[in-house]
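# An overview of the molecular structure
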Amino acid sequence: MKDELIWVDLNDNVVGHGEKLETHKRNILHRAFSVFLYSNGKMLIQQREKNKYHSGGLWANSCCSHPRKGEELIQAANRRVEEELGIKEGSLALKKIDSFVYFQSYGNLSEYEFDHIIVGEYDGDIVANPEEIEDYRWVEYDELAKELMEHPEQFSAWFLIAAPRVLEYVTN
């Protein structure tokens, strides 16, 4: 399937679509998602592969990506969970809990995303895709909150926005 992203307005209404690189070069607001997996008081976070075109080596949520043109949000999240983490597509009960818009420039590319926060409970095996993930770990909620406060530079821009919302969700 072609990696054609869904362009949206500030209310997440579809306004068009386009190729991934073009979308990121032209600062076009597009639909994205961030998946957070949790279990037994811990959250799965990944360190992005160090050579990724942006945020390489930074810690982020369990996985993230963009739904493609014609693909539903949860369908896309399930696809990406399998591609990045080796968790069989459809074996998780994923749920959208929130969304936000953010912009971050990376030189001649940017992330201007309407990011949907998706959560799921999971305690099985992880088979990390080395093209996407440098490392991963399960971190206790309190420890993650402490790391976010003391070392924000170690985390991706979107994770700093989304993680507190997820921590609130899983602890209430």
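Residues numbered from 1 in each chain as written. Predicted model: local features only at pLDDT ≥ 70, side-chain atom pairs only at ≥ 80, totals over all residues. Heavy atoms only, no water.

### Regarding the environment of D9
The line we're drawing: Labels follow the DSSP assignment, with helices taken as runs of H or I lasting at least four residues and strands as runs of E lasting at least two, numbered in each case from the N terminus. Burial status follows relative accessibility: with a 1.4 Å probe on protein chains alone, a residue under 20% of its type maximum counts as buried, one over 50% as exposed, and anything between as partly exposed. The contact definition used throughout considers only heavy atoms, calling two residues in contact when any of these lie within 4.5 Å. For this analysis, a polar contact is any N or O atom pair within 3.5 Å, provided that within protein one partner can donate a hydrogen and the other can accept it, and provided that sequence-adjacent residues contribute only side-chain to side-chain pairs.
By secondary structure assignment, the location of D9 is in the loop between strand 1 (4–8) and strand 2 (14–19). Judged by relative accessible area, D9 falls into the partly exposed class, the value being 27%. Counting along the chain gives 143 residues from D9 to P152, while the straight-line C-alpha distance between them is 29 Å. Contacts of D9, omitting those with residues within four sequence positions, involve V15, L29 and F114. Separated by 2.8 Å, the side chain of D9 and the backbone nitrogen of N11 make a polar contact. One polar contact links the side chain of D9 to the main-chain amide nitrogen of N13, over a distance of 2.9 Å.

### A closer look at unusual backbone geometry
The phi dihedral of N27 is positive, around 55°, even though this residue is not glycine. Note on placement: N27 falls in the loop between helix 1 (20–25) and strand 3 (30–39). Backbone geometry at N40 places phi at a positive 50°, although glycine is not the residue there.

### A look at the nonpolar core
What counts here: By nonpolar core we mean a set of buried residues, namely Ala, Val, Leu, Ile, Met, Phe, Trp, Tyr and Cys, connected to one another through side-chain atoms within 4.5 Å.
Formed by 23 residues in total, the largest nonpolar core has its most connected members in F36, M43, I45, L144 and F159. Among the elements of the structure, strand 3, strand 4 (42–48), strand 5 (59–60), strand 7 (95–106), strand 8 (109–121), helix 3 (141–150) and helix 4 (157–171) are those that each provide at least two residues to this core. For this core, the element with the highest residue contribution is helix 4, accounting for 7 residues. Dropping the residues within four chain positions of it, F159 is found in contact with F36, I45, W59, A60, N61, L144, L148 and P164. Among the nonpolar cores identified, the runner-up in size contains 17 residues, and F33, L85, Y122 and I133 belong to it.

### Quick word on the layout of surface pockets
Over the atoms rolls a probe the size of a water molecule, and in doing so it shows where empty space is left. The condition is simple: Cavities and pockets were defined on a 1 Å grid built from protein atoms only: a cavity is a group of points that admits a 1.4 Å probe but offers it no way out, a pocket is an open group of points flanked by protein on both sides within 12 Å along at least five of seven lines, and a lining residue is one with an atom within 4 Å of any such point. Grid points are joined across faces, edges and corners, and a volume is the space filled by probe spheres set on the points. Each residue is assigned to one of three groups, with Ala, Val, Leu, Ile, Met, Phe, Trp, Tyr, Cys and Pro labelled nonpolar, Asp, Glu, Lys and Arg labelled charged, and all others, Gly among them, labelled polar.
Considering only enclosed or pocket space, the largest pocket measures out at about 350 Å³ in volume. Taken together, 24 residues line the largest pocket, and the ones lying closest to its centre are K20, R48, C64, S65 and H66. Sorting the residues of the lining of the largest pocket by element identifies strand 3, strand 4, strand 6 (63–65), helix 2 (73–85) and strand 8 as the ones contributing at least two each. Tallied by class, the residues present in the lining of the largest pocket amount to 6 nonpolar, 5 polar and 13 charged.

### Some thoughts on the pairing of strand 2
Here is the rule: Paired strands, in this sense, are two strands between which DSSP finds at least two bridges.
Pairing of strand 1 with strand 2, which is carried by 5 bridges, proceeds in the antiparallel orientation. Paired with V8 across the two strands is V14, which belongs to strand 2. Remark: 5 residues form the turn of the hairpin made by strand 1 and strand 2, two consecutive strands paired antiparallel; D12 in that turn has positive phi of roughly 70°.

### Some details on the pattern of salt bridges
Counted only if it meets this: The term salt bridge refers to a pairing of a side-chain nitrogen on Lys or Arg with a carboxyl oxygen on Asp or Glu at a separation within 4 Å.
The full count for this structure, using the stated rule, is 10 salt bridges. Residue E22 pairs with R26 through a salt bridge whose shortest N-O separation is 2.5 Å. A salt bridge links E71 to R79; the nearest nitrogen and oxygen atoms lie 2.8 Å apart. E71 gets classed as buried once you look at its relative accessible area, which sits at 7%. Taken together, the shared-partner salt bridges in this structure form one network comprising K52, E71, R79, R80, E83, E84 and E132.

### Points about the environment of L44
Looking at the secondary structure, you find L44 in strand 4. Assessed through its relative accessible area of 1%, L44 is described here as buried. Separated by 20 residues in the primary sequence, L44 and C64 place their C-alpha atoms 13 Å from one another. Contact partners of L44, with chain neighbours within four places excluded, come to L37, N61, S62, L85, I126, Y136, R137 and W138.

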